[in-house]
Amino acid sequence: MNDAELIREAQRGNHAAFEELVRQYDSPVLRLAYHMTRSEQDAQDIYQEAFLKAYRNINTFRFECSFYTWIYRIVTNLCLDYLRKRQVRKEDSAIISDGEGETYDLLDQVADQRSGASPEKDLMRRELGGRIAKALDKLTPRERMVFEMKHYQGLKLRTIGEILNTTEETAKNTLFRGTQKLRAALRDMR
Amino acid sequence: MNCDWVRQNITLYLYNELADDARHELEQHIARCSSCAAELAEQQQFQTAMNVLPVEEVSPNFLTAARMRLQESLEQVQPHRAWYHRLAFDPAAWLRQVRFSPALASIIFLVGFGGGIGTMYQALSSKAPAQAPSMQVTSTAPGEAAISGITSIQRDPTTNQVKVQYDKVMPESVQGPVNDPKIQDLLLYAAKSNENSGVRLSSVDALKGKSDDPRIRETLTYSLRYDSNPGVRLQALEGLGPLVKDDIRVRNAVLEALLNDSNLGVRTGAMHALEPVKADSSIRMALQQLAKEDPSEYIRHESQRLLASAPNMY
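Figured I'd write up the structure that's included with this text.

What counts and how
Residues numbered from 1 in each chain as written. Chains lettered and ligands numbered in written order. Predicted model: local features only at pLDDT ≥ 70, side-chain atom pairs only at ≥ 80, totals over all residues. Contact = placed C-beta atoms within 7 Å. Helix = DSSP H or I, 4+ residues; strand = E, 2+ residues; numbered from the N terminus. Nonpolar A, V, L, I, M, F, W, Y, C, P; charged D, E, K, R; others polar. Buried ≥ 20, exposed ≤ 12 C-beta atoms within 10 Å, placed from the backbone. Core = buried A, V, L, I, M, F, W, Y, C linked by C-beta atoms within 7 Å. Axes fitted to C-alpha atoms, helices over the stretch in contact; angles between N-to-C directions. Parallel < 35°, antiparallel > 145°, perpendicular 65-115°, else oblique.

## Focus: the interface of chain A and chain B
Facing the 40 residues of chain A at the interface are 28 residues of chain B. It is helix α2 (residues 15–37) of chain A that contributes the most residues to the side of chain A that touches chain B, eleven residues altogether. Here the residues of the side of chain A that touches chain B sort into 19 nonpolar, nine polar and twelve charged.

## Overview of helix α11 (residues 230–240) of chain B
All names here are of chain B. Most of α11 is tucked away, with eight of its eleven residues classed as buried. Among all positions in α11, only V232, R233, L234, Q235, A236, L237, G239 and L240 are buried. Against α9 (197–207), α10 (214–226), α12 (248–260) and α13 (264–273) lie the buried residues of α11.

## Some details on α13(B)
Every buried residue of α13(B) is listed here: B:V266, B:R267, B:G269, B:A270, B:M271 and B:A273. Packed against the buried residues of α13(B) are α11, α12 and α15 (297–309) of chain B.

## Comments concerning the nonpolar core
Counting residues in hydrophobic clusters, the biggest one holds 48 residues, and the most contacted among them are A:L30, A:A33, A:I46, A:Y47, A:A50, A:V75 and A:C79. Ignoring sequence-local partners within four residues, the contact set of A:I46 consists of A:A33, A:T37, A:V75, A:L78, A:C79 and A:Y82. Among the nonpolar cores identified, the runner-up in size contains 33 residues, and B:L237, B:L243, B:A253 and B:A257 belong to it.

## Observations regarding the packing of α12(B) against helix α14 (residues 281–293) of chain B
Residue and element names in this part refer to chain B. Look at α12 against α14: their axes get within 11 Å of each other, and the N-to-C directions meet at 5°. By the angle class used here, α12 and α14 are roughly parallel. Contact residues: α12 offers L255, L258 and L259, while α14 offers S282, I283 and A286. Per-class residue counts for the contact of α12 with α14 are five nonpolar, one polar and no charged.

Structure below.
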């Protein structure tokens, strides 16, 4: 069954059809949420909320965009809410927590796993990773979202515009502003 | 085309977002403008540096845990419906709500079961059945009922009499085919609620051949995920194995057992159960992870074997 058939089935109340849709899109959704939040627990919460919202509102889906755009729209809105709340809390710490509530340093994520990588190089990568994470946190939630979707997820600006309910031109401008801010924040690293 | 325009669009150029003609003009400009060429090099350097924070694929463990949690929540949520639908009473939806209120469901089950037995008693005593009943109820004599607990003791000091109030449990047994709905109700109840792992094992063993029934399938999935006894989990796995091809929930539960179960036997069973769907991308991802880093040599070896024999469709 293709997406449209699965959606129609889900709208008729077919639970299994909706779960098939989930399986098609949930891996990139979770990856996006995890990269945005850098917390397994928060990423899982966003993933959960996104698909529950999609399920509750599947009857309002009118095939005006793809299911991919629709689910990404839901996820990005949840991520934007999350970033806004985080900015209010001003949690700039690199210490984050995983699903079990264990805390660990974000910099561990950027350790070079390749065999033969020297400890000095590894330390430098960790330091750089930490600074990048902090610079990303300084962007506005929208700039952060556009940069994430373009640079890390590789989406086209046209798609990003659709997902954020805006124009491609606005998405371009937001990307330009975000990139400039990041370059300024990381200038002394080169 | 001037330097300002080029600087505004270098980011788009590197992200491959410029139209062909604009791209061509930008390249021409950069070839003859050293300042814009330096800007391009800086932007390239910046983009490379940003990749130090990698976007890694989520691990199969993490994805499976998220899926299982979502499945549990989806059970309790219904899609929004039009206002006129809300006015109509939907008995099926109401029953679904009840099904997931364990305490209420247990009470309804016990009342229903007791009522059923009572009715059957009356029916049996009032007239002889036309044919042998599918289920037979055997009661113990009232005197043999066990005391389950003393609820109060009152002593009258004047008469020296003591009043002891207690509850009695009357043992009963029923016999019938596994297909009998009342027998099935009892087995389902025992599989989930009994303290005795031997009883749970026997219940799951009796139910596992009937996994086509959604209620039984749900109970077997519950046992595989939550039962503390590995023997019970193995029996449940045996019942669920044939369904991994057609039922995504079952597949997820078995995958979760493969990744997280504490017992090697259950994990091995789960791996064999998943063999028919080894080409599924989630399963492949999990097998790749296990082949690389599982502490058990057997699991690593088996994962490699399954991967080698599965056609890579992605």
